Amino acid sequence: MVEDEGIQRYLAHAILWTGIAIVAFPVYLAFVASTQDNAVIANGQMSLLPGGHFLETYYQTIFVGTSGSTREPVGTMMLNSLIMSLLIAVGKIAISIISAYAIVYFRFPFRMTIFWLIFITLMLPVEVRIYPTYKIVADLHLLDSYAGLSLPLIASATATLLFRQFFMTVPDELLEASRIDGAGPFRFFWDTLLPLSRTNMAALFVILFILGWNQYLWPLLITTRDDMQTIQIGIRKMITTTDALTEWPIVMATAVLAMLPPVFVVVVMQKLFVRGLVETEK
Amino acid sequence: MQKQSIFQSRLLPYALVAPQLAVVLIFFYWPAAQAVVQSFLVQDAFGLSTTFVWFDNYRELLSQPDYFAAIVRTFVFSFAIAFSSLSFALLLAVMADKPLRGSTIYRTLLIWPYAVAPPVVGVLWVFMLNPSLGVVARGLRNMGVDWNPLLNGDQAALLIVLAAAWKQISYNFLFFLAGLQSIPRSVIEAAAIDGARPMRRFWTVIFPLLSPVIFFLLIVNIVYAFFDTFGIIDTMTRGGPAKATETLVYKVYSDGLLGGNLGSSAAQSVILMVIVILLTAVQFRFVERKVTY
């Protein structure tokens, strides 16, 4: 390569570690706070090293919840978040892959109209149409239900476009070969196309799971019952009370628990994550 | 646009697109259409009758100083978030692009904040900078800064921008790194042979070659600042103090909670839709022309 001076290299390492420190500090602080005593934190005397309350705080957070109220234990919230994000990820992939299959492998009247109808949804996030959508979900009696939490978020085109693009690159010979073997549209889809799409599906799943887990505004509107709350909603309700009453160790333990699943997915499935991110954005 | 080799069937393709079409029509087109229709109507005080009023709702909305201030604020936030996050991420990406030992570890340690949800980001930053118990706030006070975002609107706005930019670093870093790695080494080596020093090489060779990525990320960051900051704002400041951190999306939400004027709320939604459509249109025009992955 070009010059490769020692000083420059040290500088690069130093800048990168500074970046990592900036990125990690708030999270480290949250973890440290979750292991300390609330009274110490509330006095502003928090130490920067982990304290000794790790087990009791996390036990109380997951199984009991905050003490001063009727709030649910965070374990329930995590279960709600998990169900919602799985429904969004699996639902979106399932309905998108079959509609992309129809659009690429069949020729039928209104094919392009339908494609455009789906394509346009790419443009509008749920945030801009929250209240009308809320009204429809309420009219369908889906408030406080998993269907209400996930269905409006499934209505988007990214996955369909992705599968369409991928199907276009699948060689025609594959279809002809399986047709010679006597395969119909179901067999071809199940035995040939689906196995070929495995990596794409996995990459998409990783991204959609994270997006679903991190949803906030929509669940905030349509869940009224405490036992239907997702973890993102629960954490906000914990700091609603005045400063003095907030149980910071529990709030911070909840923050750590809320981060764990999606961060775990990003770190462990990094390749799929990067691939999914790049593909859904283009 | 389509395959040469296809299946023949009259009904099957419709059955296959039916689920997605149903979801899209019920949860996307129907509410979006209702918002548009509603924005042209005015309801009387008892909700008994509605009148068609053309653009009165929009005119009234745009003449409110509050709304106008929210528009300006949203754009200022967006550019501040985009600029700070993009420049920091670019610096990190340029460093990580060098042939260093442990570069994959650096990447892993820098990309995970993508997965942290906006409300959690808000909670983390509130805790750090809470005037009475935050660790960083304590440090600021020791340095003589009169830090109180609960009362000082400018400080609250700064807090939102910093927290929102922090979350977006990893996303920008990832795309910058990919962009940098796709620049052919030979181009950079040629510039080096011509005697260009690293700084000069960066501004005259690498930066221009990276411009499609920068432009793409700029749009993505603006859209992010418009919509995804809702969770950060709601957990940190709730739009306060005195509306100093109320963005357009937050205003739609809080006006809607108060109930009241349906027409005005619908008009707000429609204005947001138009902004997003414009941003997306710009992005698509550009993506088709220049970006090749």
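As the structure is a prediction and not an experimental result, all values here were calculated from the model.

**Student:** Just give me the short version of the overall build of chain A, but keep the residues and values in it.
**Tutor:** Broken down by element type, chain A carries 15 helices and zero strands. Relative to the compact-globule value of 19 Å for 282 residues, chain A shows a C-alpha radius of gyration of 24 Å, a clear excess of over 25%. Looking at chain A residue by residue over its 282 residues, the buried ones come to 47%. For chain A, the share of sequence-separated contacts (at least 6 apart) that also reach a separation of at least 24 residues comes to 72%.

**Student:** Quick rundown of the overall build of chain B? Include the residues and the values.
**Tutor:** Within chain B one finds 12 helices and two strands. Counting helices and strands in the order they occur from the N terminus, chain B gives α-β-β-α-α-α-α-α-α-α-α-α-α-α. Its C-alpha radius of gyration of 24 Å places chain B more than 25% over the 19 Å reference for a compact globule of 293 residues. Overall, the C-alpha framework of chain B stretches about 75 × 75 × 30 Å when taken along its three principal axes. For chain B, the residues scored as buried account for 40% of the 293 residues in total.

**Student:** Talk me through the nonpolar core; I want residue IDs and the actual numbers.
**Tutor:** Core analysis: the biggest nonpolar cluster contains 161 residues, and Ala-255 of chain A together with Val-120, Leu-124, Phe-127, Ile-160 and Phe-173 of chain B have the highest contact counts within it. For this core, the element with the highest residue contribution is helix α4 (residues 74-105) of chain A, accounting for 16 residues. In this structure Phe-173 of chain B touches Ala-89, Leu-92, Ala-93, Leu-110 and Ile-111 of chain B, once residues within four positions along its chain are discounted.

**Student:** Account for unusual backbone geometry, naming residues and giving values.
**Tutor:** Residue and element names in this part refer to chain A. One non-glycine residue, His-141, lies in the positive phi region at around 55°. Structurally, His-141 is set in the loop between α6 (130-139) and α7 (146-154). Phi angles above zero are rare outside glycine, and Asp-144 is one such case at about 55°.

Rules used throughout
Counting of residues starts from 1 at the beginning of each chain's written sequence and follows it residue by residue. Here every chain gets a letter starting at A, and every ligand a number starting at 1, in the order they are written. Only residues with pLDDT of at least 70 get local features here, since the model is predicted, and only at 80 or more are side-chain atom pairs given and counted; chain-wide, interface and lining totals rely on the full set of residues. By the criteria applied, helices consist of DSSP H or I runs no shorter than four residues and strands consist of E runs no shorter than two, each listed in order from the N terminus. The reference for a compact globule is 2.2 Å times residues^0.38; the radius of gyration itself is calculated from the C-alpha atoms. Exposure criterion: with C-beta atoms placed from backbone coordinates, a residue whose C-beta has 20 or more other C-beta atoms within 10 Å is buried, one with 12 or fewer is exposed, and one in between is partly exposed. Working definition of a contact: two residues with C-beta atoms, positioned from the backbone, lying within 7 Å. The nonpolar core criterion groups buried Ala, Val, Leu, Ile, Met, Phe, Trp, Tyr and Cys residues into a set whenever they are joined through C-beta atoms within 7 Å.

None of the figures reported here should be taken as evidence of function without further support.
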